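A look at the structure
These are the residues of each chain, in order.
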Amino acid sequence: MEFLNDLKDQVWTAYELLAAGWGVQLLWGIAWTLAVTVVSMMIGAVLGSLVAAAKLSHRGGLRFIGESYTTVFRGEPELLIIYLFYYGGTQVLTGVARSTGSIGSADILNMPSFLGGVLAVGIISGAYQAEVFRGSFLAIHRGELEAARAYGMSPWLRFRLVIMPQVLRLAVPGLGNVWQLTIKDSALISVTGVAELMLTANKAARSTHHSLLFYTLAGILYLVMTSISTPIFDRAERYTSRSFTRPK
Amino acid sequence: MDFDFYLSTIWSVLKALPLTLEIWFFGIAFGLLIATGLTWLRASGYKSGEYFTRAYVFVFRGSPLLVQLYLVYFGLSQFDFVRHSPILWPILRDPMYCTIVAMALNTAAYESEIFRGALRAVPVGQIEAAKAFGMSAFTRFRLVTLPIALRLALPAYSTEIILMTKATALASVVTIMEMMGTAQKIQHDTFRPIEVLTCAGVIYLLLNLSIARLFAWVEHRLSPHLRAPPEQGQQVKPVPEVL
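Residues numbered from 1 in each chain as written. Chains lettered and ligands numbered in written order. Predicted model: local features only at pLDDT ≥ 70, side-chain atom pairs only at ≥ 80, totals over all residues. Heavy atoms only, no water.

1. Describing the overall build of chain A
For the record, the criterion: Secondary structure elements follow DSSP: runs of H or I of four or more residues count as helices, runs of E of two or more count as strands, with numbering from the N terminus. We take the radius of gyration over the C-alpha atoms and set the globule estimate at 2.2 Å times the residue count to the 0.38 power. Accessibility here uses a 1.4 Å probe with only protein chains present; expressed as a share of the type maximum, an area under 20% marks a residue as buried, one over 50% as exposed, and anything in between as partly exposed. Residue contacts follow a heavy-atom distance rule, with two residues in contact if any of their heavy atoms lie within 4.5 Å. Surface accessibility follows the Shrake-Rupley procedure with a 1.4 Å probe radius. Residue values consider only the protein chains on display as shielding. Under this rule, positive means Lys or Arg and negative means Asp or Glu; His and the chain ends count for nothing. The atoms used to mark charge sites are NZ of Lys, CZ of Arg, CG of Asp and CD of Glu.
Helices and strands together make up the secondary structure of chain A, namely eight helices and zero strands. Order of helices (α) and strands (β) in chain A, N terminus to C terminus: α-α-α-α-α-α-α-α. The C-alpha atoms of chain A give 23 Å as radius of gyration, which overshoots the globular expectation for 248 residues (18 Å, by more than 25%). Buried positions account for 44% of the 248 residues belonging to chain A. Sequence-distant contacts in chain A: of pairs separated by 6 or more residues, those separated by 24 or more amount to 72%. For chain A, the accessible area works out to roughly 13,400 Å², and carbon and sulfur atoms hold 66% of it. Looking at chain A, you have 20 positive and 15 negative side-chain charges, and the mean spots of the two groups are 15 Å apart.

The following block contains the structure:
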């Protein structure tokens, strides 16, 4: 009975804290986390396809650049990359601004934290996406590419009509994994001060001294986000592979 | 180029390497223990065991390691019984132990899935043959299932170990002065983040590349049956060229 009363008190405290404004804050945190993840995925998609193309290239130099990119950005701690873009960005911006005289020699021009975070997470995401795209490209039937060439299709037409639709279809499950990774990486940019879910939970925990409550809530909200994305990607997979399923 | 600065930075960060390796090693070791338990529970055939492991994997793979670390470090100390426990409190008030606990719990979820996949991938014919030989369940496991499964699990396991190396950097957010924490401190003192983080990055990269090489070598050693036989008249190299 005592345990039940205790639990009731806990739930009541949680309700009061959430109603006092932390609930809305956490919702904003979710919105920022999703924004960071979506923008990072888009940056990663652009970089990932370029790097995949470089890794598949016939030119040794391009292949080397592609290999180095994926090795470095998958081999470094995510935190280090984020610090590099945030603090390094500040260092570069300050240097440029001081030399052009737009700020005083003792002032500092800070890297916008959202931009720095999104660039860092996007570049990491791009390294993983490059591997996904490369794997999908290699899974395309060689004969189809040869046939397209035999038809006299231009490289662009081949890319648009033969390569892209198939790479997309084969890449969806892999991209789902990268999406989950990117959601989790986005929690790390709380260190730069972007008010996403992790930082909001952190602030709430510190100012109310209910760390167990708020970190558990944050954990649950991340679980909700990662598990909601699974059926969405399943749907995308069904959609992109609709020409390969038998009609009922 | 200020070589003295680079050298002194690399040296200071390298001095924190033992601490990073300590977190890494104990995180992996305890993680392996938990993962073995989880895999056994999952394979035991009990429905409750299966539900528990499924829930465990869902929770620990679905949320960021940072949340798990904060929950262990800041969250658990809210419980009175934790603070009054003579065993739990010395562990959970120390950020170093907390990092190891969070890393072990996290990696166990991924590893148990790797082991489960490897166990399922052992060819049925091999197990049937062992049964036909009249091997007991334990002998079968020891001589047939386990060696094949371990070999199959190795590539995914090495990826997980590299993810763990990267995860040790999170210890810096709970005040541990391992390589990342040290680099952070130098960076704040000198305001030269690009140089300092590049030095730390090189060390992390070399560390991960050597771990990857080591696993590639082990994999090569464990799969002689998958290699092409030497050509006639060609000298057999006694040591693999991987390292």
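So that's the structure; there's more coming.
2. Remarks on the overall build of chain B
Secondary structure assignment for chain B yields eleven helices and zero strands. In chain B, the succession of α and β elements from N to C terminus is α-α-α-α-α-α-α-α-α-α-α. In summary, chain B has a C-alpha radius of gyration of 22 Å against a globular reference of 18 Å for 243 residues, an excess of more than 25%. With respect to the three principal axes, the spread of C-alpha positions in chain B is 70 × 60 × 30 Å. Counting over 243 residues, chain B shows a buried share of 43%. Here the analysis covers contacts within chain B between residues at least 6 apart in sequence; of these, 73% occur between residues at least 24 apart.

3. Brief notes about the layout of surface pockets
Residue and element names in this part refer to chain A. Put simply, the rule reads: With a 1 Å grid spanning the protein atoms alone, the term cavity applies to any set of points in which a 1.4 Å probe fits but cannot get out, the term pocket to an open set with protein on both sides within 12 Å along at least five of seven lines, and the term lining residue to any residue with an atom within 4 Å of a point. Grid points are joined across faces, edges and corners, and a volume is the space filled by probe spheres set on the points. Ten residues, namely Ala, Val, Leu, Ile, Met, Phe, Trp, Tyr, Cys and Pro, are considered nonpolar, four, namely Asp, Glu, Lys and Arg, are considered charged, and the remaining ones, Gly among them, are considered polar.
Of the voids in this model, the second largest pocket is the one considered here, and its volume is about 960 Å³. Taken together, 28 residues line the second largest pocket, and the ones lying closest to its centre are Ser49, Ala53, Phe137, Phe159 and Ile163. For the lining of the second largest pocket, the secondary-structure elements that each account for two or more residues are α1 (2–56), α4 (113–139), α5 (142–150) and α6 (155–186). Considering each element in turn, the lining of the second largest pocket owes the most residues, nine residues, to α6. In the lining of the second largest pocket, the residues fall into 19 nonpolar, four polar and five charged.

4. Digging into the domain arrangement of chain B
Residue and element names in this part refer to chain B. Stated formally: Note: domain ranges come from an automatic or database domain assignment. By definition, the buried area sums, over both parts, the 1.4 Å-probe accessible area that each loses when the two are put together. A 3.5 Å cut-off defines polar contacts: any pair of N or O atoms within that distance qualifies, except that in protein one atom must be a possible hydrogen donor and the other a possible acceptor, and neighbouring residues in sequence count only when both atoms are side-chain atoms.
We note that the domain assignment places domain 1 (1–16 + 177–222) and domain 2 (19–155) within chain B. For domain 1 and domain 2, the distance between their C-alpha centroids amounts to 29 Å. Between domain 1 and domain 2, the contact holds eleven residues from the first and eight residues from the second. Its largest share of buried area at the contact with domain 2, domain 1 owes to Glu178, Glu219 and Leu222, together 48% of the area lost on that side. Here domain 1 is connected to domain 2 by three residue pairs in polar contact (both at pLDDT 80 or more). Counting residues per element, the side of domain 1 that touches domain 2 draws most heavily on helix α11 (residues 193–222), at seven residues. Its residues placed into classes, the side of domain 1 that touches domain 2 shows nine nonpolar, no polar and two charged.

5. A short note on the pattern of salt bridges
Note the threshold: By definition, a salt bridge exists where a carboxyl oxygen of Asp or Glu is found within 4 Å of a side-chain nitrogen of Lys or Arg.
For the structure on display, the rule yields twelve salt bridges over all chains. Here Glu131 of chain A and Lys55 of chain A are joined by a salt bridge, their closest N and O atoms 2.5 Å apart. On the criterion of sequence distance, the pair formed by Glu131 of chain A in helix α4 and Lys55 of chain A in helix α1 is long-range, its members being 76 residues apart. Given the relative accessible area of 8%, Lys55 of chain A is considered buried. Here Asp189 of chain B ties to Lys185 of chain B by a salt bridge, and the two come within 2.9 Å at their closest N and O atoms.

6. A look at empty space enclosed by the protein
Residues and elements named next belong to chain A. Overall, the coordinates contain one cavity of 30 Å³ or more when judged by the stated rule. Space inside the largest cavity adds up to approximately 30 Å³. Lining the largest cavity are Val121, Ile124, Ser125, Tyr128, Val178, Leu181, Thr182 and Asp185. Elements with a minimum of two residues in the lining of the largest cavity: α4 and α6.

7. Brief notes about the interface of chain B and chain A
Many analyses report the size of an interface as the accessible area lost when the parts associate. Residue-level contacts link 39 residues of chain B with 36 residues of chain A. Between chain B and chain A, a total of about 3,200 Å² is buried, with carbon and sulfur atoms accounting for 72% of that surface. In this structure, the connection of chain B to chain A is made through one salt bridge. With a shortest N-O distance of 3.3 Å, Lys166 of chain B and Glu78 of chain A are connected by a salt bridge. The interface formed by chain B and chain A includes twelve residue pairs in polar contact (both at pLDDT 80 or more). Contributions of two or more residues to the side of chain B that touches chain A are made by α3 (47–62), α4 (65–75), α9 (137–167), α10 (179–190) and α11 of chain B. In terms of residues, the side of chain B that touches chain A owes the most to one element, α11 of chain B, which gives eleven residues. Class assignment for the residues of the side of chain B that touches chain A results in 25 nonpolar, ten polar and four charged.

8. Here we look at helix α7 (residues 197–208) of chain A
Residue pairs spaced three or four apart in an α-helix point in one direction, given the helix's 3.6 residues per turn. Residues and elements named next belong to chain A. Spelled out, the test is: Here the expected length of a helix is defined as 1.5 Å per residue gap, with one fewer gap than residues.
Here α7 is twelve residues long and its end C-alpha atoms lie 16 Å apart, about the 16 Å a rise of 1.5 Å per residue gives. Of all twelve residues making up α7, nine are buried, and the element is well covered by its neighbours. Burial in α7 covers these residues: Leu197, Met198, Leu199, Thr200, Ala201, Asn202, Ala204, Ala205 and Thr208. Once α7 ends, the next one or two residues include His209, with phi positive near 60°.

9. Some details on the environment of Arg149 of chain A
Positionally, Arg149 of chain A belongs in helix α5. Arg149 of chain A sits 80 residues away from Tyr69 of chain A along the chain, and the two C-alpha atoms are 30 Å apart.

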